[in-house]
Amino acid sequence: MNNPVGFVVMPLKQQFYQPIITVMKKKIIPFLSGIMLFSLFSCKHTEIVTTTVKELDIERYMGPWYEIARFDHSFERGLVGCMAHYELQPDGKVKVTNTGYKKSLDGKFKESVGKAYRPDDNVPGKLKVSFFLSFYSDYNVLELASDYRYALIGSKSDSYLWILSRTPELSHEDLDFLLGSAKARGYDTDKLIWVEQR
């Protein structure tokens, strides 16, 4: 097509996409960049001590655990009566079944099934757990009673912490010990959510 009057004619596709590209350059990209920078600088993490127990008999660790307390996070938000059940599989991995009830003990039952394994038998207290494909997270056994009646669980981040028990309640002495250990490691125990149990 001739252009006798000398106008610059863009190809049809370029004419269509040019306004979108302009908006992205001027508004969307700077906006997203701002969010990323805000997230980067606003997420403050405390240095924590992540040393794990030196001995962990994986077979003794199996079975049901009651969740006594936890830090808030999206995948358990609003759940009460939470429990974790660990079942050793023939291949040495662990089937993980987490359960809870939405908002109240009479609420809707929720269940998540995942898997766990121990990457290095020389570091028995460090496991990896996954509830989605092959995306694994740290599962660090920070404290464990000699009779396996309680456990303190964390990760490499100070954003995750659980107190687990074989019974729906723990003694004051056990709780004091676990809270003291968590504080000494650098965790802010004031952020713990105490989980209602039956």
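Scroll up a little and you will see the structure.
An account of the accompanying structure is given in this report.

Thresholds applied
- Residues numbered from 1 in each chain as written.
- Predicted model: local features only at pLDDT ≥ 70, side-chain atom pairs only at ≥ 80, totals over all residues.
- Heavy atoms only, no water.
- Helix = DSSP H or I, 4+ residues; strand = E, 2+ residues; numbered from the N terminus.
- Buried < 20%, exposed > 50% of the residue type's maximum accessible area, 1.4 Å probe, protein only.
- Pairing = 2+ DSSP bridges.
- Core = buried A, V, L, I, M, F, W, Y, C linked by side-chain atoms within 4.5 Å.

### Describing unusual backbone geometry
The phi dihedral of K103 is positive, around 70 degrees, even though this residue is not glycine. Topologically, K103 is positioned in the loop between β3 (94-102) and β4 (109-117). With phi around 60 degrees, Y148 is a residue other than glycine that occupies positive phi space. On the secondary structure map, Y148 appears in the loop between β6 (135-144) and β7 (150-154).

### Re the pairing of strand β1 (residues 63-70)
As a general feature of sheets, a regular strand has side chains that alternate between the two faces. Among the eight residues in β1, six count as buried, and that is most of the element. In the sheet, β1 pairs with strand β2 (residues 79-88) via four bridges, with the strands oriented antiparallel. Bridge pairing links W65 to A84 in β2. Here β1 pairs with strand β8 (residues 161-165) via four bridges, running antiparallel. Directly across from Y66, in β8, lies its bridge partner S165. In terms of strand pairing, β1 meets strand β9 (residues 193-194) through two bridges, oriented antiparallel. Pairing of A69 across the sheet is with W194, part of β9.

### Concerning the nonpolar core
Within the largest apolar cluster, 21 residues are counted, with the highest numbers of intra-cluster contacts made by Y61, Y86, Y139, V141, L144 and L164. Every element with two or more residues in this core is listed here: α2 (58-61), β2, β3, β5 (126-132), β6, β7 and β8. For this core, the element with the most residues is β6, which contributes three residues. Counting residues in each nonpolar core, the second largest holds 16 residues, with A69, L170, L175 and L192 among its members.

### Considerations on the pairing of β6
Of the pairings in the sheet, the one linking β5 to β6 comprises five bridges and is antiparallel in character. Along β6, the bridge assignment pairs K128 with D138. The turn joining β5 and β6, which pair antiparallel and follow one another in sequence, is formed by two residues; a positive phi near 50 degrees is taken by L133. Bridge analysis of β6 against β7 gives four bridges, and the strand direction is antiparallel.

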